[in-house]
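Survey of secondary and tertiary structure
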Amino acid sequence: PDSNATTSTKTPSRSWPDNVPSDNELPWLIEDVKYCARSPNFRSDKDYCSQLSFRVASALVVQFNETEQKRGLEILKSLAEKGHPDAMVYYGMCLNDGRAGLDP
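Here the structure is a predicted model, which means the values were calculated and not measured.

1. Looking at the nonpolar core
One finds Phe54, Ala57, Val61, Leu73, Leu76, Leu79, Ala80, Ala87, Tyr90, Met93, Cys94 and Ala100 forming the largest nonpolar core, which totals 12 residues. Listing elements by their share of this core, those giving two or more residues are α2 (46-60), α3 (66-81) and α4 (85-97). Not counting chain neighbours up to four residues away, the residues in contact with cysteine 94 comprise Val61, Leu73, Leu76 and Arg99.

Here it is as structure tokens:
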């Protein structure tokens, strides 16, 4: 393999997605997601809210805390079910890697 990452280290086994927010950015992004759908621009910019949610989920699934990982997986699953292509791929990768305490 070209990576030393393992599920026990909670390090992603892939280099994608490459725009995962830092731990410092995460609280602010979570707040932005809460208010995104309430924005007057929401109807014309649903993709922005979906992408913002994807970034939050991407950060949550690489946390050491399994509760946060599960929260990230729930967001990814919801986005995937709505047809978000990146979420479909990343959700499958997370399931395959055994994130959030799931067996790979």
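2. Concerning the packing of α3 against α4
Packed helix pairs are characterised by how far apart their axes lie and by the angle those axes make with each other. α4 packs onto α3 with a crossing angle of 140° between their chain directions and a minimal axis gap of 8 Å. Viewed along their axes, α3 and α4 adopt a mutual orientation that is oblique. Once α3 is placed against α4, the crossing between them reads as left-handed. On α4, the residues that touch Leu73, Leu76, Lys77, Leu79 and Ala80 of α3 are Ala87, Met88, Tyr90, Tyr91 and Cys94.

Definitions and cut-offs
Residues numbered from 1 in each chain as written. Predicted model: local features only at pLDDT ≥ 70, side-chain atom pairs only at ≥ 80, totals over all residues. Heavy atoms only, no water. Core = buried A, V, L, I, M, F, W, Y, C linked by side-chain atoms within 4.5 Å. Buried < 20%, exposed > 50% of the residue type's maximum accessible area, 1.4 Å probe, protein only. Helix = DSSP H or I, 4+ residues; strand = E, 2+ residues; numbered from the N terminus. Contact = heavy atoms within 4.5 Å. Axes fitted to C-alpha atoms, helices over the stretch in contact; angles between N-to-C directions. Parallel < 35°, antiparallel > 145°, perpendicular 65-115°, else oblique. Left-handed = near helix turned anticlockwise from the far one by under 90°.

None of the figures reported here should be taken as evidence of function without further support.
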